[in-house]
Amino acid sequence: MSVTAMPMKPGRSPAGKALQKGQQTKAAIVDAALGLATQIGVEGLSIGALAEVTQMSKSGVFAHFGSREELQISVIREYHHRFEQEVFYPALSQPRGLPRLRAMFANWMKRTSVELDSGCIYISGAVEFDDRPGPVRDALASSVQTWHAAMKRAITMAKEEGHLGPATDEEQMLFETHGLILALHYEARFLKNPGSIARANTGFENILRRYGAQPAAAAKTSSKPARPAKSAKE
């Protein structure tokens, strides 16, 4: 008489559970590393410093990354992921064109206002790695370039929708807008000048006006409804 095996109850295998736990541990380490990097910079990160913060062994931390360089790159990727979640994706709910461009800058300013206290890895990392070629610098530069490409695309769409003048130079407008964020960090974080956030917002409105956009209040009442957002790739 043959014996039929009892069916296994659904659930994760021991190997699957171990993998999930490993992923959770790694995510917790990256989260702690990101918090540490805002204080001491990406260059200041080390396996030893992180082991002390997380109360893990050095070998335990090392096992999840394999090298200090991979740890630094993981932190940069996590920072970029959070930046997109807070700044880029929420803006996609706005109609394409000027409404979306305004939302992207507003979200950028909101995050920047918080980082005046905690620090911005894009900015501090640029100072640390501007003359140090390698994978860490490449990861940092790629993240910034991805965000700039999204901003430039939003400017282009605003131009296509007629919300900005036909002679608008997308590269120049992006350059000037990014300059406001850099100036805000310097003025508010380093020089502690009051009113810097308001000046940055005013500066953005001035940039929009020079490129043919209506003031924010007028745009809400007189512009025709823009087409709704289609996808994150627009």
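A. Fine view of the overall build of the protein chain. Across its full length, the protein chain holds 10 helices and 0 strands. Walking the protein chain from its N terminus toward its C terminus, one meets helices and strands in the order α-α-α-α-α-α-α-α-α-α. Within the protein chain, buried positions represent 39% of all 234 residues. Of the contacts made within the protein chain by residues no fewer than 6 positions apart, 70% connect residues no fewer than 24 positions apart. When the accessible surface of the protein chain is split by element, carbon and sulfur atoms take 57% of a total near 13,400 Å².

B. Main features of the packing of aromatic side chains. Applying the stated criterion across every chain yields a total of 7 aromatic pairs. Ring geometry for Phe83 versus Tyr122: centroids 5.3 Å apart, planes at 55 degrees, classification tilted. Pair noted here: Phe83 is in helix H4 (residues 68-91) and Tyr122 is in helix H6 (residues 121-129), with a separation of 39 residues, a long-range link. Of the two residues examined, Phe83 and Tyr122, each falls in the buried class. Taken together, a centroid distance of 5.0 Å and an interplanar angle of 75 degrees make the contact between Phe83 and Trp147 edge-to-face. Of the two residues, Phe83 sits in helix H4 while Trp147 sits in helix H7 (residues 135-160), which places them 64 residues apart along the sequence. Like Trp147, Phe83 is buried. Taken together, the ring pairs in this structure connect Tyr79, Phe83, Trp108, Tyr122 and Trp147 into an aromatic cluster. Positioned above the aromatic ring of Tyr79, the side-chain terminus of Arg111 is 4.8 Å from the ring centre.

C. Geometry of the nonpolar core. Core analysis: the largest hydrophobic core is formed by 59 residues, its most contacted members being Leu101, Trp147 and Leu164. Ranked by residue count, the leading element in this core is H7, at 10 residues. Not counting the four nearest positions on each side in its chain, Leu101 is found in contact with Met151, Ala154, Ile155, Ala158, Leu164, Met173, Phe204 and Leu208.

D. Seen up close, the pattern of salt bridges. Taken as a whole and assessed by the stated rule, the structure comprises 14 salt bridges. Glu78 is paired through a salt bridge with Arg82; the nearest N and O atoms lie 2.8 Å apart. In this pair, Glu78 and Arg82 are both assigned in helix H4, 4 residues apart and thus about one turn of the helix distant. For Arg82, a relative accessible area of 27% puts it in the partly exposed group. The closest approach of N and O atoms between Glu160 and Arg153, which form a salt bridge, is 3.8 Å.

E. Looking closely at the environment of Gln39. Along the polypeptide, Gln39 turns up in helix H1 (residues 14-40). Look at Gln39 and you get exposed, because its relative accessible area is 65%. C-alpha of Gln39 to C-alpha of Cys120: the two residues are 81 residues apart in sequence and 9.6 Å apart in space.

F. How the structure looks around the packing of helix H8 (residues 170-190) against helix H9 (residues 196-210). Where H8 contacts H9, the two axes come as close as 9 Å, and the packing angle between them is 170 degrees. Compared by their axis directions, H8 and H9 come out roughly antiparallel. Residue-level contacts link Met173, Glu176, Thr177, Leu180, Leu184, Glu187 and Ala188 of H8 to Ser196, Ile197, Ala200, Gly203, Phe204, Ile207, Leu208 and Arg210 of H9.

G. Region of the structure containing H7. If you check H7, its first and last C-alpha atoms are 37 Å apart, about what 26 residues at 1.5 Å a residue would give, namely 38 Å. Looking one or two residues beyond H7, the residue adopting positive phi is Gly162, at roughly 85 degrees.

H. Quick peek at the environment of Gln23. With respect to the helices and strands, the residue Gln23 is situated in helix H1. Sequence-wise, Gln23 and His64 are 41 residues apart; in three dimensions their C-alpha atoms are separated by 8.8 Å.

I. Representation of H6 in the model. Inspection of H6 places Ile121, Tyr122, Gly125 and Phe129 among the buried residues, and these make up the whole buried set. Looking straight down H6, one finds that the buried residues subtend no more than 90 degrees of arc, so they occupy a single side.

Rules of the game
- Residues numbered from 1 in each chain as written.
- Predicted model: local features only at pLDDT ≥ 70, side-chain atom pairs only at ≥ 80, totals over all residues.
- Heavy atoms only, no water.
- Helix = DSSP H or I, 4+ residues; strand = E, 2+ residues; numbered from the N terminus.
- Buried < 20%, exposed > 50% of the residue type's maximum accessible area, 1.4 Å probe, protein only.
- Contact = heavy atoms within 4.5 Å.
- Areas by Shrake-Rupley, 256 points an atom, 1.4 Å probe, with all protein chains shown as cover.
- Phe/Tyr/Trp six-rings, centres within 6.5 Å; stacked < 30°, edge-to-face > 60°.
- Lys NZ or Arg CZ within 6 Å of the ring centre and 35° of its normal.
- Core = buried A, V, L, I, M, F, W, Y, C linked by side-chain atoms within 4.5 Å.
- Salt bridge = Lys/Arg side-chain N within 4 Å of Asp/Glu carboxyl O.
- Axes fitted to C-alpha atoms, helices over the stretch in contact; angles between N-to-C directions.
- Parallel < 35°, antiparallel > 145°, perpendicular 65-115°, else oblique.
- Expected span 1.5 Å × (residues − 1).
- Arc of directions from axis to C-beta.

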